[in-house]
Structures are given as structure tokens and as C-alpha cells.
Amino acid sequence: MKSKILIIGACGQIGSELTYKLREIHGDNQVIASDISYGNLDIVNSGIFEILDAQDATSLKVCIEKYEINTVYLMAAMLSATGEKFPMKAWDLNMSTLFNVLDLAKNGQIKKVFWPSSIAVFGPTTPKDGTAQYTIMEPSTVYGITKQVGERWCEYYFNKYGVDVRSIRYPGIISWKTLPGGGTTDYAVDIYHKAIADNHYNCFLSEHTELPMMYMEDAIKATVQIMEAPANNIKIRSSYNLAAISFTPKDMVASIKKHLKDFTIEYNPDFRQEIADSWPSSIDDSHARQDWNWKHEFSLDDITKEMLTNLAK
Ligand code: AKB
């Protein structure tokens, strides 16, 4: 089956880079980028682009039929920090878009679905170090609740209706091309921008807050890998733990100082500290490594070098 792909949320941090990568692999005309607004002109002008509100089931169906789409990457979501400000909006957006996509797949109009989950499915009662695939999951953010519930529904649609849905629990993702928006891990991107602009950063998390993180190139590689793996290799139909590295803001400062020796930081934790404190410090992703050969490449120092070099251009 030749893939005809729709990316929902293509203007966002992961959606934009996924669009470029999938066009490289499948060809420009095979990949339709869509978003609710013209949020990223590079993406809008980079190939076929549709304005699409995936909360509206009819508009989504029309778009799927117009382009004879068989594969959907549902990257639109309200993230953890914004979700705490607008709980019902986060619930409505994150759940309705998922149901709209899963239902089209259940009816046979879509053959394959990618849906991102997150480390936010874990909560304050989850063991923090080397968090296992199967463990206590009592998320305390609305975003985490939507991801946990979404995982259960993905598994349900696979078991009951045979929907080929695949998912990854992304950690914080670091990239220089498109800014993240509304997440708790966003500090790990902001810090590089401010390092280049001001040689100083005002950090909204405390210096010892350790969180799982990953460079965008690794995240895109994992996304492509899980979607290309034979269906039989995908043993987990809720969502896979996925990990690369874990570090604290203090570790980042040490890494940045290797390039910018006068870089300074101050710590002023805000409401996002409580969210970060409820998440794991590190993740055991051995199932992803076993089932579809996942392996990360980028260390913290690799990421720092890439970020500072590209942002300074
Ligand atoms: C967030 O911080 O909300 C996201 C995530 C970890 O899913 N980056």
C-alpha cells in the first residue's frame, strides 16, 4: 500500500519536522500538511497545506476523502502547562480529535494511525527512576489524563475493531526549527534561545528537576520507525515508553558553559514545577528497543552543540 498521509497539527513543534521528513521519504504530493491556522508559514509554503479543524468530524472526513488519505499522524494537542489553564478546552481538543480519527479508521477509511502520548501519563505515585512500561499511572494534569485515556481508547480500537494505531510516550523534545508551545519541558528549548540572545536564562523549574528528554532528530526517527515496523512487531497498542537521556537544568547549564563560558541562570519555579515534579526522572524503554529496534543517538552535549550552532546562524 502506497502511503497517502495527512498530518494534523503540521505547524507545531513535532508536526512541522515530521512533515519535512515524511515528504523526504514518501514524496511531496503524498504528504498533506494541515493545521487549524496558518501558524507556520514555512510549512504552509512547503507543499500541499489544508486549513483543518480536526475537532469537526465532517471537515476531517471531507479532507480524508479529497486526498484519498490512508495514514494519519494526529499531532494536534493542548500540552501540559496550557492544559492546566484551560482544562475543558484541553479535554475537548485532545479527546475529540482522537475519536474523530479513530472512528474513520474503524470505518475503514484510514488504514494506519499515529497518535502521540507522553510521559505525562505518569503521575506523582509512579516510581520515578527507570519508570517501567507497566506501572502505576495516576496522572495529575488534564493533559496527562487525556493521554492516559487516549491510550486506553487506542488499545480498545485495536482490540475490538482491528484499528492499526501506533503510539509513543514522548519525553520533552528539543529542537531549533519550530518552538514548542505550552509544555512543561519547553524550558529545555527556551534556554538555548536565551543563551544566544542574552547569555542569561530565567528558568521556571528548579535546578535539580530531572526530566526525560530527546533531540528532535531522534524523536522523528522513532516516529518513522514505529510506523514502518511490521504490524506484528507492534506488541503494545496503548503506547510505548520511549527514552533517550535525562538531565536537570543544572546539567544544561554545565553543557552550555562549554560553549558560552559567561552564561548565567536564575531559578524562579512557577506552577510548572508541580507538573514536572509529578513526572518520571528517567524511563525504561526496553520494549521499544526490543520490538522495533529503537535506539537513540543524541547526548546532551550533542544537543547543545546542534542547538547553539543552528540558533546562532
Ligand atoms: C509537555 O511538557 O507538556 C510536553 C510533554 C512532555 O508531553 N512536552
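Keep in mind that this is a model prediction, so the values were computed, not measured.

Novice: Would you mind going over the overall build of the chain with me for this structure?
Specialist: The secondary structure content of the chain amounts to 12 helices and 12 strands. For the chain, the C-alpha radius of gyration of 19 Å lies close to 20 Å, the compact-globule estimate for 313 residues. The dimensions of the chain, computed from C-alpha atoms along their principal axes, are 55 × 45 × 40 Å. The 313 residues of the chain split such that 55% are buried. Pairs at least 24 apart in sequence give 78% of the contacts found in the chain among residues at least 6 apart. By element, 50% of the accessible surface of the chain is carried by carbon and sulfur atoms, the whole surface being about 13200 Å². With 31 positive and 39 negative side-chain charges, the chain shows a spacing of 5 Å between the two charge centroids.

Novice: Before we go on, may I ask you to explain the UniProt feature "domain: NAD-dependent epimerase/dehydratase" (unreviewed entry) in the chain in this structure?
Specialist: Within this numbering scheme, the UniProt entry marks residues 5–241 as carrying the feature "domain: NAD-dependent epimerase/dehydratase" (unreviewed entry). Summarising residues 5–241: 42% helix, 18% strand, and an end-to-end C-alpha distance of 25 Å.

Novice: Honestly, the environment of L211 in this entry has me stumped. Any pointers?
Specialist: With respect to the helices and strands, L211 occurs in strand 9 (residues 211–215). Among the residues examined, L211 registers a relative accessible area of 0% and is labelled buried. For the pair L211 and G182, spaced 29 residues apart in sequence, the C-alpha to C-alpha distance is 16 Å. If we skip the residues at most four places from it in the chain, L211 touches T185, L205, I245, S246, F247, A276, W279, P280 and S281.

Novice: Hey, could you run me through the site of the ligand in this one?
Specialist: With respect to spatial proximity, the complete set of residues near the ligand consists of L79, S80, S118, I119, Y143, G183, T184, T185 and W279. S80 has a polar side-chain atom sitting 2.6 Å from an oxygen atom of the ligand. Within the side chain of Y143, a nitrogen or oxygen atom sits 2.7 Å from an oxygen atom of the ligand. Bound to the protein, the ligand loses 93% of the 250 Å² it would expose on its own. Tallied by class, the residues present in the shell around the ligand amount to 4 nonpolar, 5 polar and no charged. Residues from two domains meet in the shell around the ligand; each of domain 1 (5–171 + 232–241) and domain 2 (173–213 + 244–312) gives at least three.

Novice: What is the right way to look at the packing of aromatic side chains in this model?
Specialist: By convention here, two paired aromatic rings are described through the distance between centres and the angle between planes. This structure, assessed with the given rule, holds 11 aromatic pairs. Ring centres 5.8 Å apart and planes at 35 degrees place the aromatic pair Y38 and F49 in the tilted group. Linking Y38 in the loop between strand 2 (31–35) and helix 2 (41–44) with F49 in strand 3 (residues 49–51), this pair joins segments that are 11 residues apart in sequence. Exposure remark for Y38: the relative accessible area of 55% places this residue in the exposed category.

Novice: Would you take a moment to explain the sheet that holds strand 11 (residues 245–247) for this structure?
Specialist: Pairing between the strands of a sheet comes from backbone hydrogen bonds, and it takes one of two forms, parallel or antiparallel. Taken together, the 3 strands give an open sheet; going across it, the order is 7-9-11, and neighbouring strands pair in mixed fashion. The sheet terminates laterally at strand 7 (172–174) and strand 11, the two strands that pair on one side only. Strand-to-strand twist in this sheet, taken as the mean axis angle between neighbours without regard to direction, amounts to 45 degrees. In terms of strand pairing, strand 9 meets strand 11 through 3 bridges, oriented antiparallel. Each bridged residue has a counterpart across the sheet, and for M213 the counterpart in strand 11 is I245.

Novice: Can you help me understand a nonpolar patch on the surface in this one?
Specialist: Together, Y38, L41 and I51 line one region of the surface with nonpolar side chains, adding up to about 330 Å² of accessible area. Relative to the helices and strands, L41 is located in helix 2.

Novice: Would you explain the sheet that holds strand 5 (residues 112–118) in this entry?
Specialist: With parallel pairing, 7 strands are arranged side by side in an open sheet as 3-2-1-4-5-6-10. Here the strands that pair on one side only, and so sit at the sheet edges, are strand 3 and strand 10 (240–241). Bridge analysis of strand 2 against strand 3 gives 3 bridges, and the strand direction is parallel. When the sheet's bridge partners are listed, D35 is paired in strand 3 with I51. Packed on one face of the sheet, helix 5 (residues 87–106) meets strand 1 (5–8), strand 4 (71–74), strand 5 and strand 6 (165–170) and runs near 170 degrees to strand 4.

Scoring rules and cut-offs
Residues numbered from 1 in each chain as written. Predicted model: local features only at pLDDT ≥ 70, side-chain atom pairs only at ≥ 80, totals over all residues. Heavy atoms only, no water. Helix = DSSP H or I, 4+ residues; strand = E, 2+ residues; numbered from the N terminus. Rg over C-alpha atoms; globule rule 2.2 N^0.38 Å. Buried < 20%, exposed > 50% of the residue type's maximum accessible area, 1.4 Å probe, protein only. Contact = heavy atoms within 4.5 Å. Areas by Shrake-Rupley, 256 points an atom, 1.4 Å probe, with all protein chains shown as cover. Lys, Arg positive; Asp, Glu negative; His and termini not counted. Charge placed at Lys NZ, Arg CZ, Asp CG, Glu CD. UniProt positions renumbered as here; feature names shortened; annotations may be inferred. Near = heavy atom within 4 Å. Polar contact = N/O pair within 3.5 Å; in protein donor to acceptor, adjacent residues only side chain to side chain. Nonpolar A, V, L, I, M, F, W, Y, C, P; charged D, E, K, R; others polar. Domains from an automatic or database assignment. Phe/Tyr/Trp six-rings, centres within 6.5 Å; stacked < 30°, edge-to-face > 60°. Pairing = 2+ DSSP bridges. Axes fitted to C-alpha atoms, helices over the stretch in contact; angles between N-to-C directions. Patch = residues over 30% accessible without salt bridge, like charges linked within 9 Å, V, L, I, M, F, W, Y side chains within 5 Å. Salt bridge = Lys/Arg side-chain N within 4 Å of Asp/Glu carboxyl O.

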